[in-house]
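# Summary of the model geometry
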Amino acid sequence: MARSWSCAILFAVLFIATGAISVAQAQAPDQAEWLAAHNAVRSAEGVGLVPFTWSTAAYNYALAWAQDRAASASCFGHSSSDTYGENIAWSSSTTATPTWAVNYWASEKANYDYASNTCTGVCGHYTQIVWNTTTSVGCASAVCTGTEGKFFTCNYSPAGNMDNRRPY
């Protein structure tokens, strides 16, 4: 009997060690797309911004907020996080993608003047994406139930857009 238990334990250890079973951290179904879109914007600046890594904690926060907003009547609004920087967007299309959201935020580059570190219009979503000390991101989206459309949110760590500094 003891021998059969030791064989069973040995088999379980080998099974897990070979990767047949893995315990993975929470992963967004579109995590790769979120990272690729963000890192393409960062790379395009040509100033040596390091690529973002995925933050499971930021993703979990974003997912909870996206689900909360999707269930609300307005399906929009910032969270009250003091921990993360945050970008949000809404699309009237329920098939809008993470790449659409990131490109929407990145289009604000046209409103940003690096020399004077000022915006004409909105540019804070863009500057958060290219903030040089921000190293990780977690994002989520949800189809709105109270209205047509889709809500997107990304949380950034450490937060950017601080103290009127330039992003890079």
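Residues numbered from 1 in each chain as written. Predicted model: local features only at pLDDT ≥ 70, side-chain atom pairs only at ≥ 80, totals over all residues. Heavy atoms only, no water.

Looking at an unreviewed UniProt entry, one finds the chain named SCP domain-containing protein and attributed to Ceratodon purpureus. Taken from UniProt, the Function (unreviewed entry) comment for the chain reads in full: "Probably involved in the defense reaction of plants against pathogens." (UniProt positions renumbered as here; feature names shortened; annotations may be inferred.)

### Some words on the state of the cysteines
Taken as a whole, this structure holds three disulfides when the rule is applied. The disulfide partner of Cys75 is Cys144, and the gap between their sulfur atoms is 1.9 Å. The disulfide joining Cys75 to Cys144 has a torsion of about -70° about its S-S bond and is therefore left-handed. One end of the pair, Cys75, is in the loop between helix 3 (56–70) and strand 2 (85–91); the other, Cys144, is in the loop between strand 5 (136–143) and strand 6 (150–157), and 69 residues separate them in sequence. Under the relative-accessibility criterion, Cys144 is labelled buried at 8%. In this model, Cys139 is linked to Cys154 through a disulfide, with the two sulfur atoms separated by 2.1 Å. Disulfide Cys139 to Cys154: torsion about the S-S bond roughly 115°, handedness right-handed. One end of the pair, Cys139, is in strand 5; the other, Cys154, is in strand 6, and 15 residues separate them in sequence. Here Cys139 falls in the buried class, since its relative accessible area comes to 0%. Owing to a relative accessible area of 0%, Cys154 belongs among the buried residues under this scheme. Assigning the bonded cysteines of the chain consecutive numbers by sequence position, one obtains the connectivity 1-5, 2-3, 4-6. (Disulfide = S-S within 2.5 Å. Helix = DSSP H or I, 4+ residues; strand = E, 2+ residues; numbered from the N terminus. Buried < 20%, exposed > 50% of the residue type's maximum accessible area, 1.4 Å probe, protein only.)

### Quick word on the pairing of strand 5
Most of strand 5 sits out of view: six of its eight residues are buried. Two elements, strand 5 and strand 6, share eight bridges in a ladder whose sense is antiparallel. The partner of Cys139 across the bridge, within strand 6, is Cys154. Between strand 5 and strand 6, which follow one another and run antiparallel, lie six residues, and Gly149 among them has a positive phi close to 120°. (Pairing = 2+ DSSP bridges.)

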